[in-house]
Amino acid sequence: QVQLVESGGGLVQAGGSLRLSCAASGRTFSNYAMGWFRQAPGKEREFVATIRWSHSTYVAASVKGRFTISRDNAKNTVYLQMNSLKPEDMAVYYCASALDGSGFRWYIATDYDYWGQGTQVTVSS
């Protein structure tokens, strides 16, 4: 059974940093793309960042230059380093896993088949 467990969320002042972690189990981690999405109250879930099995990365325009995604296949863990946080970054952040391939749409939530429970990120102004 595949499990994704996020950690690292919390309360931070605007301009601060947080690092989210997502520990995966139940599948061969290195073969899969891993992504981060977020959902703020009253809004749809939106793409944040993805790292593919090749370690290619994609980051949403709204966080480019501030957020970095990385993975440690030896630890079955994906990270999201978030710097220069803004109040508009406040949301529940979800880790997701997807079978990577030529047709994979990293920015589409429904292309991911497993999700974590989410971790809250609160940014105070």
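Remember, predicted model here, so these are calculated numbers, not experimental data.

Thresholds, definitions, all that
- Every chain's residues receive numbers from 1 upward, in the order its sequence appears when written.
- A pLDDT threshold of at least 70 governs which residues receive local features in this predicted model, and a stricter bar of 80 or more applies before side-chain atom pairs are shown or counted, although totals over entire chains, interfaces and linings include all residues.
- To get the side-chain values, take all heavy atoms of the structure and skip hydrogens and water.
- Strands are labelled as partners when DSSP assigns at least two bridges between them.
- Numbered from the N terminus, helices here are DSSP runs of H or I no shorter than four residues, and strands are runs of E no shorter than two.
- A fitted line through C-alpha atoms represents every axis, and for helices the fit uses only the stretch in contact; the resulting angles, taken between N-to-C directions, go from 0 to 180 degrees.
- Per-residue accessibility, obtained with a 1.4 Å probe over protein chains only, is compared with the maximum for each type, and a residue is labelled buried under 20%, exposed over 50%, and partly exposed between these values.
- Only four residue types enter the charge count, namely Lys and Arg as positive and Asp and Glu as negative; His and the chain termini do not.
- Salt bridges are defined as contacts in which a side-chain nitrogen from Lys or Arg sits within 4 Å of a carboxyl oxygen from Asp or Glu.
- Think of a polar contact as two N or O atoms within 3.5 Å of one another; within protein, one of them needs to be a possible hydrogen donor and the other a possible acceptor, and neighboring residues in sequence only count if both atoms come from side chains.
- The contact rule is simple, with two residues in contact once any of their heavy atoms fall within 4.5 Å.

Trainee: Explain the sheet that holds strand β8 (residues 77-82) to me, please; I cannot follow it from the model alone.
Mentor: Strands in a sheet are paired, the pairing made by backbone hydrogen bonds, and the direction either parallel or antiparallel. Spatial strand order, β1-β3-β8-β7: 4 strands in an open sheet with antiparallel pairing. Looking along the sheet, the strands with just one partner apiece sit at the ends: β1 (3-7) and β7 (67-72). The sheet shows a mean angle of 15° between the axes of neighbouring strands, direction not considered. Note: β1 against strand β3 (residues 18-25), 5 bridges, orientation antiparallel. Residue pairing for β3: E6 is matched across the bridge by C22.

Trainee: Help me out: how do you make sense of the side chain of R71 in this one?
Mentor: Positionally, R71 belongs in strand β7. Although R71 lies buried, it forms no salt bridge, and the closest oppositely charged side chain, D100, sits 6.1 Å away as judged by the N-O distance. From its side chain, R71 meets the backbone oxygen of I51 in a polar contact 3.3 Å long. A polar atom in the side chain of R71 sits 2.9 Å from the side chain of N73. Sequence-distant contacts of R71, defined by excluding residues within four places in its chain, comprise F29, S30, Y32, A33, M34, I51, R52, W53, H55, T77 and V78.

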